Amino acid sequence: MSESNAVKVIGNVGDFEAFPAHVKVDMQPHYIVEAPRKEGEEQRYTLISAICPHAGGIVRPHLNELVCPLHYWCFDAKTGESTNVPGETLECAPLEIRDGKFVLVEA
């Protein structure tokens, strides 16, 4: 028996000129961000939820962080990890590029 994974198209790669790029997925706010990489690796991308896990505020880009305006929880804009509240993260999922489109592969 084989498992099939659902593929959700997020958008055309060429439509995004700068990151983090704001997108809606299933009517929920997210950002496409450039994932951290080591020297020589190809660029990878991550889909990060824009909903703060603390009180549900919508995080906004500021410098290299995503900041919640409600209580100023801050998150690294490449990893989604909190920079001021230990152990907290925004929901993240890796994106793939297929046929010039960002796609989310759901298990």
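Counting restarts for each chain, with residues numbered from 1 along the sequence as it is written. Given that this is a predicted model, residues contribute local features only at a pLDDT of at least 70 and side-chain atom pairs are listed and counted only at 80 or more, while totals for whole chains, interfaces and linings are drawn from all residues. The side-chain figures draw on all heavy atoms in the structure; neither hydrogens nor water molecules are used.

- An unreviewed UniProt entry annotates the chain as Nitrite reductase/ring-hydroxylating ferredoxin subunit originating from Paenibacillus taihuensis.

## Brief notes about the pattern of salt bridges
Part 1 of the reasoning: The salt bridge criterion pairs a side-chain nitrogen of Lys or Arg with a carboxyl oxygen of Asp or Glu, the two atoms within 4 Å. Under the definition given, this model contains two salt bridges.
Part 2 of the reasoning: Lys8 is paired through a salt bridge with Asp26; the nearest N and O atoms lie 2.7 Å apart. Placement of the pair is Lys8 in strand E1 (residues 6-12) and Asp26 in the loop between strand E2 (21-25) and strand E3 (28-34), with a sequence separation of 18 residues.
Part 3 of the reasoning: Residue burial is assigned from relative accessible area. The probe radius is 1.4 Å, only protein chains are included, and a residue is buried under 20% of its type maximum, exposed over 50%, and partly exposed in between. Judged by its relative accessible area of 55%, Asp26 falls in the exposed class.
Part 4 of the reasoning: The shortest N-O distance in the salt bridge between Glu96 and Arg98 comes to 2.8 Å.
Part 5 of the reasoning: By relative accessible area, Glu96 is classed as partly exposed at 35%.
Part 6 of the reasoning: Residue classification places Arg98 among the partly exposed positions, given a relative accessible area of 37%. In DSSP terms, a helix is any run of H or I states spanning at least four residues, a strand is any run of E spanning at least two, and both are numbered starting from the N terminus.

## Some details on the state of the cysteines
Between two cysteines, a covalent bond joining their sulfur atoms is known as a disulfide.
Part 1 of the reasoning: When two cysteine sulfur atoms lie within 2.5 Å, the pair is treated as a disulfide. Taken as a whole and assessed by the stated rule, the structure comprises zero disulfides.
Part 2 of the reasoning: Cys52 takes part in no disulfide bond, and the closest cysteine sulfur, belonging to Cys68, lies 4.0 Å away.
Part 3 of the reasoning: Free of any disulfide, Cys92 has its nearest cysteine sulfur in Cys52, 13 Å distant.
Part 4 of the reasoning: With relative accessibility at 38%, the residue Cys92 sits in the partly exposed group.

## Focus on the pairing of strand E9 (residues 101-106)
Part 1 of the reasoning: Following DSSP output, two strands are said to pair if at least two bridges run between them. Pairing of E1 with E9, which is carried by six bridges, proceeds in the antiparallel orientation. Among the inter-strand pairings, Val9 is bridged to a residue of E9, identified as Val103.
Part 2 of the reasoning: Pairing of strand E8 (residues 92-98) with E9 involves four bridges; the strand directions are antiparallel. Bridging across to E9, Ile97 finds its partner in Phe102.
Part 3 of the reasoning: Linkage of E8 to E9, two consecutive antiparallel strands, is achieved through a turn of two residues, within which Asp99 is found at a positive phi near 50°.

## Overview of the UniProt feature "domain: Rieske" (unreviewed entry) in the chain
Part 1 of the reasoning: UniProt positions are given in the numbering used here, feature names are shortened, and annotations may be inferred rather than shown by experiment. UniProt records the feature "domain: Rieske" (unreviewed entry) for residues 40-104 in the present numbering.
Part 2 of the reasoning: Annotated as 0% helix and 38% strand, the span residues 40-104 places its first and last C-alpha atoms 24 Å apart.

## With respect to the sheet that holds E8
Adjacent strands of a sheet form backbone hydrogen bonds with each other and so pair up, either parallel or antiparallel.
Part 1 of the reasoning: Taken in spatial order, the six strands make up an open sheet running E1-E9-E8-E4-E3-E2, and their pairing is antiparallel. Here the strands that pair on one side only, and so sit at the sheet edges, are E1 and E2. In this sheet, adjacent strand axes meet at a mean angle of 40° when their direction is disregarded. Note on method: axes are straight lines fitted to C-alpha atoms, helices fitted across the in-contact stretch only, with angles between N-to-C directions ranging 0 to 180 degrees.

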